[in-house]
Amino acid sequence: MDTATARERLEEMRGQIDRSILVLQGEHPSGRAANDSPQDPADAGATLSEVDRTEAALAAVQSQRRLVLAAIVRIDDGDYGTCADCGKPIPEGRLDARPEAARCVACQSKWDRRH
């Protein structure tokens, strides 16, 4: 994948992620008014569970955003498409599927096991 196409896809991904973050932040309970709290203890548990899901989704989307921004930086630095660990080219098919990928599949598997 050429870097112009990669940048375009990554910028589009970043826009979609930013919109998702705004939606999730709108669902985040930090903006709840005091009178919005549930009266029934069973409702409180359901609300807490929903808060946990929203926070987890927000954390995942923010993590994805960091990966996309790092890929854009790699394009700017001329390192896009080169594995961050072994230095070999990342296969075209992997970049088509995951334009934010910083590692080849083998190195990503090793990295995942370590973390």
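As shown above, the structure is provided for reference.
The rules behind these values
- Residues numbered from 1 in each chain as written.
- Predicted model: local features only at pLDDT ≥ 70, side-chain atom pairs only at ≥ 80, totals over all residues.
- Heavy atoms only, no water.
- Helix = DSSP H or I, 4+ residues; strand = E, 2+ residues; numbered from the N terminus.
- Buried < 20%, exposed > 50% of the residue type's maximum accessible area, 1.4 Å probe, protein only.
- Contact = heavy atoms within 4.5 Å.
- Areas by Shrake-Rupley, 256 points an atom, 1.4 Å probe, with all protein chains shown as cover.
- Core = buried A, V, L, I, M, F, W, Y, C linked by side-chain atoms within 4.5 Å.
- Expected span 1.5 Å × (residues − 1).
- Polar contact = N/O pair within 3.5 Å; in protein donor to acceptor, adjacent residues only side chain to side chain.

Novice: Which residues make up the overall build of the protein chain, and what values go with them?
Specialist: When helices and strands are tallied, the protein chain shows four helices and zero strands. Going from N to C terminus, the protein chain has its helices and strands arranged as α-α-α-α. Taking all 115 residues of the protein chain together, 27% fall into the buried category. A sequence separation of at least 24 residues applies to 60% of the contacts in the protein chain between residues at least 6 apart. Counting every atom, the protein chain has about 7,400 Å² of accessible surface; 53% of that belongs to carbon and sulfur.

Novice: Outline the nonpolar core, listing residues and values.
Specialist: Membership of the largest hydrophobic core comes to 20 residues, with the highest contact counts inside it found for Leu-10, Val-68 and Tyr-80. Setting aside its immediate chain neighbours within four residues, Leu-10 contacts Val-68, Ala-71, Ile-72, Ile-75, Tyr-80, Pro-99 and Glu-100.

Novice: I'd like a rundown of helix 1 (residues 3–27), residues and numbers included.
Specialist: Because each turn of an α-helix spans 3.6 residues, side chains separated by three or four positions in sequence point in the same direction. Here helix 1 spans 35 Å end to end across 25 residues, near enough to the 36 Å set by a 1.5 Å rise per residue. For helix 1, the set of buried residues is Ala-6, Leu-10, Met-13, Gly-15, Ile-17, Ile-21 and Leu-24. Two to three positions downstream of the cap, the backbone nitrogen of Ala-4 sits 3.1 Å from a side-chain oxygen, assigning the N-cap of helix 1 to Asp-2.

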